Amino acid sequence: MLRFDDLQLFVRAADLGSLSAAARVMDMSAAVASAALKRIEQQLGARLLARSTRSLRLTAEGEGFLEYARAALSNLDEGRRLLASGQDQVSGILQLSAPSDFGRNLLLPWLDEFQREHPKLTVRLLLGDRIADLFRQPVDIALRYGEPEDSSLVALPIAPQNRRVLCAAPSYLARHGEPRHLEQLAQHNCLLFMLGSRVHDHWSFHDGKREVSLTVSGDRFSDDADVVRLWAMAGAGIASKSWLDVAADVLAGRLNVLMPELLCERAPLNLLCAHRAQLSKPVNLLREMLASRCARISSQFPTKSDVDH
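Calculation rules
Residues numbered from 1 in each chain as written. Predicted model: local features only at pLDDT ≥ 70, side-chain atom pairs only at ≥ 80, totals over all residues. Heavy atoms only, no water. Helix = DSSP H or I, 4+ residues; strand = E, 2+ residues; numbered from the N terminus. Phe/Tyr/Trp six-rings, centres within 6.5 Å; stacked < 30°, edge-to-face > 60°. Buried < 20%, exposed > 50% of the residue type's maximum accessible area, 1.4 Å probe, protein only. Pairing = 2+ DSSP bridges. Expected span 1.5 Å × (residues − 1). Arc of directions from axis to C-beta. Core = buried A, V, L, I, M, F, W, Y, C linked by side-chain atoms within 4.5 Å. Contact = heavy atoms within 4.5 Å. Salt bridge = Lys/Arg side-chain N within 4 Å of Asp/Glu carboxyl O. Polar contact = N/O pair within 3.5 Å; in protein donor to acceptor, adjacent residues only side chain to side chain. Axes fitted to C-alpha atoms, helices over the stretch in contact; angles between N-to-C directions. Parallel < 35°, antiparallel > 145°, perpendicular 65-115°, else oblique. Left-handed = near helix turned anticlockwise from the far one by under 90°. Nonpolar A, V, L, I, M, F, W, Y, C, P; charged D, E, K, R; others polar.

K.L.:
Which parts of the structure should I look at to understand unusual backbone geometry?
P.N.:
A negative phi holds for most residues other than glycine; trans holds for most peptide bonds. The phi torsion at Asp27 lies on the positive side, around 55°, for a residue other than glycine. Tracing the backbone shows Asp27 in the loop between helix H2 (19–25) and helix H3 (30–44). If you check the backbone angles, Met259 has positive phi at about 45° while not being a glycine. With respect to the element layout, Met259 can be found in the loop between strand E14 (256–258) and strand E15 (263–264).

K.L.:
Just checking my understanding: could you explain the packing of aromatic side chains for this structure?
P.N.:
Each pair of aromatic rings is reported with the distance of its centres and the angle of its planes. All told, the structure shown has four aromatic pairs when counted by the stated rule. Aromatic pair Phe102 and Tyr145: ring centres 6.4 Å apart, planes at 85°, arrangement edge-to-face. Taken together, the residues span a long stretch of sequence, with Phe102 in helix H5 (residues 100–117) and Tyr145 in strand E5 (residues 141–145) at a distance of 43 residues. On the basis of relative accessible area, Phe102 is assigned to the buried category, the value being 0%. Looking at Tyr145, the relative accessible area reads 23%, which means it is partly exposed. Cluster of aromatic residues (ring-pair linked, three or more members): Phe102, Trp110 and Tyr145.

K.L.:
What should I look at first to understand the sheet that holds strand E10 (residues 202–206) in this one?
P.N.:
Two strands in a sheet stick together by hydrogen bonds in their backbones, pointing the same way (parallel) or opposite ways (antiparallel). With respect to topology, three strands assemble into an open sheet ordered E11-E10-E15, the strand pairing being antiparallel. Since the sheet does not close on itself, it has two edges, and those belong to strand E11 (211–215) and E15, each with one partner. Bridge analysis of E10 against E15 gives two bridges, and the strand direction is antiparallel. Bridge pairing links His206 to Leu263 in E15.

K.L.:
How should I be thinking about H3 in this particular structure?
P.N.:
Residue pairs three or four apart in sequence face the same way in an α-helix, which turns once every 3.6 residues. Over its 15 residues, H3 extends 21 Å from the first C-alpha to the last, a length consistent with the 21 Å expected when each residue adds 1.5 Å. For H3, the complete set of buried residues consists of Ala33, Ala36, Leu37, Ile40 and Glu41. Down the axis of H3, the sector holding all buried residues measures 130°, keeping them to one side. Looking at H3, the residues exposed on the side facing more than 90 degrees away from the buried face are Ala31, Lys38 and Gln42. Trailing H3 by a residue or two, Gly45 shows a phi angle of about 70°, which is positive.

K.L.:
For this particular structure, what's the right way to read the nonpolar core?
P.N.:
Taken as a class, soluble globular proteins show a tendency for nonpolar side chains to be buried jointly. Core analysis: the biggest nonpolar cluster contains 44 residues, and Phe102, Leu143 and Leu286 have the highest contact counts within it. Beyond its immediate stretch of four places on either side in the chain, Leu143 contacts Leu96, Ser97, Ala98, Pro99, Phe102, Leu107, Ile158, Leu269, Asn270, Leu271 and Leu290. Membership of the second largest hydrophobic core comes to 19 residues, among which are Leu7, Val11, Ala13 and Leu48.

K.L.:
Just checking my understanding: could you explain the pattern of salt bridges for this structure?
P.N.:
When the charged atoms of two side chains lie near each other, side chains of opposite charge can form a pair. Within this structure, the stated rule accounts for 15 salt bridges. Taking the shortest distance from any N to any O, the salt bridge between Asp15 and Arg70 comes out at 2.5 Å. With Asp15 in helix H1 (residues 4–16) and Arg70 in helix H4 (residues 60–88), this pair connects stretches of sequence that are 55 residues apart. Its relative accessible area of 45% is what places Asp15 among the partly exposed residues. Among the residues examined, Arg70 registers a relative accessible area of 37% and is labelled partly exposed. Salt bridges linked by common partners bring Asp101, Arg104, Asp224, Asp226, Arg229, Lys241, Asp249 and Arg254 together as one network.

K.L.:
So what exactly am I meant to see when it comes to the pairing of strand E16 (residues 269–273) here?
P.N.:
Regular strands show a simple pattern: their side chains alternate between the two faces of the sheet. The buried count for E16 comes to five of five residues, which makes it a mostly enclosed element. What you see with E16 is no split at all: Leu269, Leu271 and Cys273 on one side and Asn270 and Leu272 on the other are buried throughout. Across four bridges, the pairing between E5 and E16 is antiparallel. By the bridge assignment, Leu143 is partnered in E16 with Leu271.

K.L.:
Even after reading the chapter, I still don't get the side chain of Ser204, so can you show me in this structure?
P.N.:
Relative to the helices and strands, Ser204 resides in strand E10. Here Ser213 takes part through its side chain, which lies 3.0 Å from a polar atom of the side chain of Ser204. Aside from chain neighbours lying at most four places away, what touches Ser204 is Glu211, Val212, Ser213, Leu263, Cys264 and Glu265.

K.L.:
Looking at this structure, I do not really get the packing of H5 against helix H9 (residues 281–298). What am I missing?
P.N.:
How two helices sit against one another is set out by the angle between their axes and by the gap between those axes. Between H5 and H9, the least distance of the axes is 11 Å, while the angle of their chain directions is 125°. With respect to H9, the axis of H5 lies oblique. Of the two possible hands of crossing, H5 and H9 adopt the one that is right-handed. Of the residues in H9, those touching H5 at Phe102, Leu106, Leu107, Trp110, Leu111, Glu113 and Phe114 are Pro282, Leu285, Leu286, Met289, Leu290, Arg293, Cys294 and Ile297. Tallied by class, residues from the contact of H5 with H9 come to 13 nonpolar, no polar and two charged.

In structure tokens form, the structure reads like this:
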């Protein structure tokens with residue numbers, strides 16, 4: 001099989017009228033250039049260049065072959081350009097799983113924008129709060145809150161500083177009053193999230209000096225985190241929600257943050273995958289976009305002075 005660099009050398013030598021000049025241009029020694037020309041002539045079974053100590057000229061066979069050599073090199077260059085342009089484009093299928101609340105209210109519009117920027121990309125989105133089995137389910141990556149329980153997974157941070165906040169609708173607070181101390185949560189209806197058969201009724205806080213935990217209760221449970229958010233906005237009770245999920249509602253006045261002087265549980269958002277080989281160009285571009293958008297929301301995290309103001 002003819003070698004690409006041998007063809008290049010032949011064309012350069014024909015153009016320059018000198019094998020040594022072609023060797024210098026291609027940054028190779030005269031001996032290597034001579035061996036390359038000999039190799040291509042042996043493979044073709046024809047003498048392409050007639051050489052003397054002072055000159056070099058194309059043979060009749062060389063003149064006939066030169067046109068095809070140029071065309072072959074041109075086609076190869078065009079093929080490489082096509083490959084390069086294809087690598088610059090984001091295409092293929094992106095399969096991901098995301099929590100219901102984050103997925104519906106934040107990820108969906110962000111994915112719409114992402115696909116407008118990369119129209120050759122197909123997205124398959126699975127929404128749910130159960131942890132996706134990345135080794136069995138048809139997903140490449142999963143977005144999940146909390147530290148991954150499976151240490152074999154690759155976990156990349158999207159919003160490492162994200163926390164939960166206590167929140168309730170103004171209508172609920174108008175009817176039942178606003179709790180000022182954690183102990184007062186026992187007098188309120190707390191909206192609870194279920195994952196599998198486990199009810200998350202154990203809420204933890206940090207008051208600046210120590211960790212404080214308590215068990216809360218309420219008359220509503222759901223395994224869909226977005227339902228808990230909707231109940232809270234409808235004035236059904238108090239919820240402990242990820243700041244990412246309720247930031248827009250708080251900023252719009254649909255929900256109020258309660259006891260902002262307390263730090264609620266951390267809820268870091270991570271991108272999970274089974275293997276680093278799944279971190280394709282679309283995945284990495286999406287990860288950069290998500291991290292940027294989440295950082296913007298995290299910067300609006302409320303402090304006590306914000307709420308008092």
